[in-house]
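The lines below spell out each chain.
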Amino acid sequence: MKYKWLRSAMLTLVAGTALTACSTGETEKNSAEEDKVSIVTSFYPMHEFASQVAGDRADITMMVGGGDDPHHYEPSAKDVATVNEADLFVYSSPEMEFWTESLFETVENDDLKIVSAAEGVDQSAHSEEDHDHTEGESAGEVKIASAAEHYHSGDMAELTAKVEGNTTLDHWHWYTRSDESADWEAVPNEFGSELSYLVLDENFEVKAELYGEDHEVLTESEPVTITVDNHEDEGEEAHDHESEEAHDHESEEAHDHESEEAHDQEGEATETGEDVVVAGLAGHYHTGDAVTIMAETEAEVSEWQWSTRKSDETEWSVISDQTTEQFTGEAVSGGLEIQGVGLDAEGNEVVNTGTIEIIVDDHENEDPHSWLDPVLVQEQVDAIRDALIEIDPEGEEVYTANAADFNERLQGLDQEFQEAFEGAENRVFVVQHQAFGYIAERYDLEQIAVGGLSTEVEPSPSRIAEIGTLVEEYEVPVIYYQQGSDSSIAQTIASETGTETAVLHDLESLSEELQSENLGYIEAMEQNIEALKLSIK
């Protein structure tokens, strides 16, 4: 019995030691995972670049999968929750992922570091020998120009923010407040250096802030007061526009108060002589943005009736569930027109907003494909490296070495492009969509695009015929289409002109073939070189 007890005790001790060791190992594993930097990236190129720099020191997730369009993506609640827990968010630029503006307004993560890898990178400012990074550019004093001495209710204040010496940064936010005792409120959907803002009945203040590549405020303007003077204490002579020289920002007709009824959206006075002002209208919207406007009037209105239509060629459709002075809707691709009618208790029209145009600009005319330039990518890699060092100083040596290694591979890729097309006489290539302008600019090639930058807009028959003529003129042997996209347009032109078709990677996503072979950005770009050699000879 004695030995049996001793053996049992020894087994218990061994088991306990094993469990303790297992538990300790598991704890160390969990601790190591928790110590990793959490990175969220927008779409494939940003994920690739961040992964190359971070290595094993980070957990990296990608929001936009291969089947989604990174330009028109809509973040889910799960995406927002993931970003709320992240240390770093990496995206390309507001021109590419314009949905990030609304994402940043939704996210509640004060510790989140944001890197817009491509924002502020100017291709024309970089030669093959000059790879200086624009991060750290000093920002001087912001000045708001073009403010008039005073305005009338319904005028549009056309303002411009400028920073002396700034050549690359152009990400602005505008704010207004009623007076210095009030809080500043952001002007929605206005991120450029120019602001058009509807002036109502009261004075207010405006300021502009210039943001850097990491979405940080670099500098801001002093408040500018917008003074409203409707000449209410003067006779009709006060409305003689010969004396209103301060309003040279609008035409004389725009100040004719007999024809313009206190707003810039063609609002008309009814027979009662009452005016209506539309407030809250942004200069432009993106597809999917919320549109919230308010009709303001001194008329006695019991109920509002709102209608919408796509254009003046379509019929108005009444929105039955919106009967207050506020209209709420959604911006749709191609734009929208809205009209509000104020009714009295008997259902008679009292006042009318006229046609309000909702301008939708999804930045389709701005080429966002900067990740296709291996020289500019080196700067994007550096921006990601610097951000990682900032949030994880202990990993500086790893991040610096990883970035240097990948940049060396990018320099080799740049050299491959140069050597492939050096001395070529035919430097023209024809693409289905205009996505390869950065490659063309960097290596002195000429891109001819059947369609524009948008993959959603189909070229007209006349444009296709024009391309056919150019194909014959330049003796183009190949029509290129983007990997993963519909090739029907390229196939049509190829069959009509006796040419072939070939694939170019725009790398908005990585093909399944490359993924299956564990290949990435460098290999895809090398395939682009080989494909372009079919035309560039």
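Residue positions are given per chain, counting from 1 as you read along its sequence in written order. Reporting of local features is limited, given that this is a predicted model, to residues whose pLDDT is at least 70; pairs of side-chain atoms are given and counted only at 80 or more, and all residues count toward the totals for whole chains, interfaces and linings. For the side-chain quantities, the full set of heavy atoms in the structure was used; hydrogens and water were omitted.

## A look at the packing of helix H2 (residues 44–54) against helix H5 (residues 374–391)
Working convention: axes come from line fits to C-alpha atoms, limited for helices to the stretch in contact. Angles between N-to-C directions cover 0 to 180 degrees. Only DSSP runs of H or I reaching four residues or more are called helices, and only runs of E reaching two or more are called strands; each is numbered from the N terminus. Following both chains from N to C, one finds H2 and H5 inclined at 55°, their axes separated by 9 Å at the closest point. If you check the angle between H2 and H5, you find them oblique. For H2 against H5, the interelement crossing comes out right-handed. Seen from H2, the contacting residues are Met 46, Phe 49, Ala 50, Val 53 and Ala 54; seen from H5, they are Val 377, Gln 380, Val 381, Ile 384, Arg 385 and Leu 388. Of the residues assigned to the contact of H2 with H5, the class counts are nine nonpolar, one polar and one charged. Just so you know how the angles are binned, under 35 degrees is roughly parallel, over 145 roughly antiparallel, 65 to 115 roughly perpendicular, and the rest oblique. By convention, the crossing between two helices is left-handed when the near helix turns anticlockwise from the far helix through less than a right angle, and right-handed when the turn is clockwise. Contacts are assigned to residue pairs that have any heavy atoms within 4.5 Å of one another. Gly is placed with the polar residues, together with every amino acid not listed as nonpolar (Ala, Val, Leu, Ile, Met, Phe, Trp, Tyr, Cys and Pro) or charged (Asp, Glu, Lys and Arg).

## Considerations on the sheet that holds strand S4 (residues 113–116)
Whether parallel or antiparallel, the strands of a sheet pair through hydrogen bonds between backbone atoms. Read from one edge of the open sheet, four strands run S2-S1-S3-S4, paired in parallel fashion. At either end of the open sheet lies a strand with only one pairing partner, and these are strand S2 (58–62) and S4. Each neighbouring strand pair of the sheet contributes to a mean axis angle of 20°, computed without reference to strand direction. Where strand S3 (residues 88–91) and S4 come together, four bridges link them in parallel fashion. Bridge pairing in S4 links Leu 88 to Lys 113. Strand pairing is defined by DSSP finding a minimum of two bridges between the two strands.

## Some points on the pairing of strand S1 (residues 37–41)
Partly exposed residues are those whose accessible area sits between 20% and 50% of the maximum for their type, while under 20% is buried and over 50% is exposed, using a 1.4 Å probe and protein chains only. Buried residues dominate S1, accounting for four of its five residues. Bridge count for S1 against S2 is five bridges, and the pairing is parallel. Bridge pairing links Ser 38 to Asp 59 in S2. By convention, orient the strands away from the viewer: a clockwise path from the first strand over the helix to the second makes the crossover right-handed. For the crossover that starts at S1, traverses H2 and ends in the parallel S2, the hand is right-handed. Two strands pair when backbone bridges link them, and S1 and S3 are joined in this way by three bridges, in the parallel orientation. Paired with Val 40 across the bridge in S3 is Phe 89.

## With respect to the nonpolar core
Formed by 71 residues in total, the largest nonpolar core has its most connected members in Phe 89, Phe 429 and Tyr 521. Each residue touching Tyr 521, except ones within four places of it in the same chain, is listed here: Tyr 44, Glu 48, Phe 49, Trp 371, Leu 372, Asp 373, Pro 374, Val 377, Phe 406, Leu 410, Leu 413 and Leu 507. Nonpolar core, defined: a set of buried Ala, Val, Leu, Ile, Met, Phe, Trp, Tyr and Cys residues in which side-chain atoms within 4.5 Å join the residues together. Counting 21 residues, the second-largest nonpolar core is a separate cluster that includes Tyr 151, Trp 172, Trp 174 and Val 187.

## Notes on the packing of H5 against helix H6 (residues 396–421)
In a pair of packed helices, the angle between the axes and the distance between the axes together describe the arrangement. Remark: H5 packs on H6, axes separated minimally by 9 Å, with the N-to-C direction vectors making an angle of 175°. Overall, the two elements H5 and H6 adopt an arrangement that is roughly antiparallel. Packed against H5, whose contacting residues are Pro 374, Val 375, Val 377, Gln 378, Val 381, Asp 382, Arg 385, Leu 388 and Ile 389, the element H6 presents Glu 396, Tyr 399, Thr 400, Ala 403, Phe 406, Asn 407, Leu 410, Gln 411, Leu 413, Asp 414 and Phe 417 at the interface. The residue inventory of the contact of H5 with H6, partitioned by class, reads 12 nonpolar, four polar and four charged.

## Things to note about the environment of Ala 148
Counting through the fold element by element, Ala 148 comes out in the loop between strand S5 (142–145) and strand S6 (156–163). For Ala 148, a relative accessible area of 14% corresponds to the buried category.

## So, the environment of Val 80
Within the secondary structure, Val 80 sits in helix H3 (residues 77–84). The buried category is assigned to Val 80, whose relative accessible area is 16%. When the C-alpha positions of Val 80 and Thr 106 are compared, they lie 7.4 Å apart, and in sequence the two are 26 residues distant. Here Val 80 is in contact with Leu 103, Thr 106 and Val 107, once residues within four sequence places are set aside.

What is shown is where atoms sit, not what they do.
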